Amino acid sequence: MKLLKDILYGVALSAVNGSTDILVNAVCFDSRKVGMDDVFVAIKGTLTDGHRYIAKAIDTGAKAIVCETLPEQIVNGVTYVTVKDGNTALAVMASNFYDIPSKNLKLVGVTGTNGKTTVSSLLYQLFKKAGYKVGLLSTIKILVDETEYKTTHTTPDALTINQHLSLMNGAGVEFCFMEVSSHGIHQKRTKGLVFAGAIFTNLSHDHLDYHKTFADYRDTKKILFDELPKKAFALTNIDDKNGPVMLQNTKAKPYTYALRTYADYRGKVLENQFSGQLLKINGHELWSRLIGNFNAYNLLAIYATADLLGLEQLEILRLLSELETVDGRFQYFISDKKITAIVDYAHTPDALKNVLETIGSLRTGNENVITVVGCGGDRDTTKRPVMGHIASEMSNKAIFTSDNPRTESPTAIIEAMEAGVEPQNVKKILSIENRKQAIKTACQLAVANDIILVAGKGHETYQETNGTRVDFDDFKIVKELLKDLNK
């Protein structure tokens, strides 16, 4: 148990009703998880308001309430603390409750539209190969050295973050790499964390259902860099026009990486093929199994980060050459009939374009590219026609299908994608609502040397419709279907 006043250290308090010199058992923001002698933090979320559950939390055993607005009924013996921002309070309290675990390791945040998972996961992989104990907080999973925990958000809630950072402290972890989403920053989940550095990958069209404007989306990402301490490093992709923006106002030491312009860490693609690519980084040649320009940027970011964290440069190059593809990121195999199937998480216009450009750079021109793609429901609707245009323009055949329709009509989502198809490309598209049938059709259309791209879900192993998730693994399904066709 901890004293409430210690947990509240650094929180901007508006008023206190009762004593903070009391012991509390745990910090909770979900009233269903409140136990005896807990402190309940009422959060105004996007779907519900925690203030509605204050009475329930007290009935369950909460002895302290942290809220933005005091309830009408005050219960004797319960301490009420009002704050300006519940999300910020929760994050700082979570860090304090777990004894600020981020200060005991080198925590690096990775933000941007595309590449967050690849960069953070491969940094984990590289530092593990270098012999360190490492942590990972990513979309795919949370890793405390070699112990895996499942995750459902790009940036978990503040309690989950600090709980796992505390576990990392206990396991002797030295470095932790963390995906930092714009949602996570906006909802203050990273407040109270001590970062050793931050990486900006790129910025393109995404999450405008949440942020409303591109400027707001960009400026939210920038907060991570604005709040870095002086001792930290701020690493940015200077080829992206938003890269320099991230370095404005940061107190951290600024560093840049690029393929096209002058930078602290400069790269050049010398060769690119399905088996890998040959890169030159700061004058040193490197062969990597990761292909495409987007992966060249990822490798540059990883090289720069490892260098800034003190690894020896030639050792970094050797370890980079050993890195393996992250699940669902340009993950491919070649069937017995010489059909190449690629599964990629590309769910934004820029990511889809990057993957199709990479495929275009590797093909001879005699193969057909068949793209299976959809757009998620209850998400940014403005990108749907853009995705439809890119898929139909850059593929020989594009099959529009479902991709986590959630509460929306799959037919309506597909129609929005069709709206972006130009007249000359209409004959190139098929619309098949059932995703498995869409993938099966792509496999039936393909002949030897053709390339099938299944885009959008990547590592995900489910399809979500009306609140229900069913098992669905793109890579497993396309592999099985091509195997059956071989028979």
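What you see is a predicted model, and the numbers here were worked out from it, not measured in a lab. (Residues numbered from 1 in each chain as written. Predicted model: local features only at pLDDT ≥ 70, side-chain atom pairs only at ≥ 80, totals over all residues. Heavy atoms only, no water.)

Digging into the overall build of the protein chain
- Within the protein chain, the secondary structure is distributed over 16 helices and 26 strands.
- For 487 residues, the compact-globule estimate of 2.2 N^0.38 gives 23 Å, and the protein chain sits close to it at 24 Å.
- Considering only residue pairs separated by 6 or more positions, the protein chain has 64% of its internal contacts joining residues 24 or more positions apart.
- The distance from the centre of the 56 positive side-chain charges to the centre of the 56 negative ones in the protein chain is 1 Å. (Helix = DSSP H or I, 4+ residues; strand = E, 2+ residues; numbered from the N terminus. Rg over C-alpha atoms; globule rule 2.2 N^0.38 Å. Contact = heavy atoms within 4.5 Å. Lys, Arg positive; Asp, Glu negative; His and termini not counted. Charge placed at Lys NZ, Arg CZ, Asp CG, Glu CD.)

Focus on the sheet that holds strand β21 (residues 369-373)
- Taken in spatial order, the six strands line up as β19-β20-β24-β21-β22-β23 in an open sheet, and their pairing is mixed. What marks the edges here is a single partner per strand, and that holds for β19 (331-334) and β23 (429-431). Averaged over all adjacent pairs, the angle separating strand axes in this sheet is 15°, with direction ignored.
- On the sheet, helix α12 (residues 349-362) packs against β20 (340-344), β21 and β24 (451-455) and is oriented at approximately 165° with respect to β24.
- Most of the contacts of helix α16 (residues 474-486) go to β19, to which it runs at about 10°, and overall it touches β19, β20 and β24. (Pairing = 2+ DSSP bridges. Axes fitted to C-alpha atoms, helices over the stretch in contact; angles between N-to-C directions.)

Regarding the packing of helix α3 (residues 86-97) against helix α5 (residues 158-171)
- Two elements in contact, α3 and α5, have axes whose closest approach is 8 Å; the angle formed by their N-to-C orientations is 15°. As the angle between them shows, α3 and α5 are arranged roughly parallel. Here the hand of the crossing between α3 and α5 comes out right-handed. Between α3 and α5, the contacting residues are Leu90, Ala91, Ala94 and Ser95 on the first element and Ala158, Leu159 and Asn162 on the second. (Parallel < 35°, antiparallel > 145°, perpendicular 65-115°, else oblique. Left-handed = near helix turned anticlockwise from the far one by under 90°.)

Remarks on the pairing of strand β13 (residues 197-200)
- What you see with β13 is no split at all: Gly197 and Ile199 on one side and Ala198 and Phe200 on the other are buried throughout.
- Looking at chain direction, strand β8 (residues 106-111) and β13 are connected through four bridges and run parallel. Residue pairing across strands places Val110 opposite Ile199, the latter belonging to β13.
- Here four bridges tie β13 to strand β14 (residues 233-237), and the two strands are oriented parallel to one another. For Phe200, the partnering residue across the bridge sits in β14 and is Thr236. (Buried < 20%, exposed > 50% of the residue type's maximum accessible area, 1.4 Å probe, protein only.)

Examining the layout of surface pockets
- For the second largest pocket, the calculated volume is near 270 Å³.
- Among the residues making up the lining of the second largest pocket, the classes are represented as eight nonpolar, four polar and two charged. (1 Å grid on protein atoms, 1.4 Å probe; cavity = no way out; pocket = protein on both sides within 12 Å on 5 of 7 lines; lining within 4 Å. Points joined across faces, edges and corners; volume = space filled by probe spheres on them. Nonpolar A, V, L, I, M, F, W, Y, C, P; charged D, E, K, R; others polar.)

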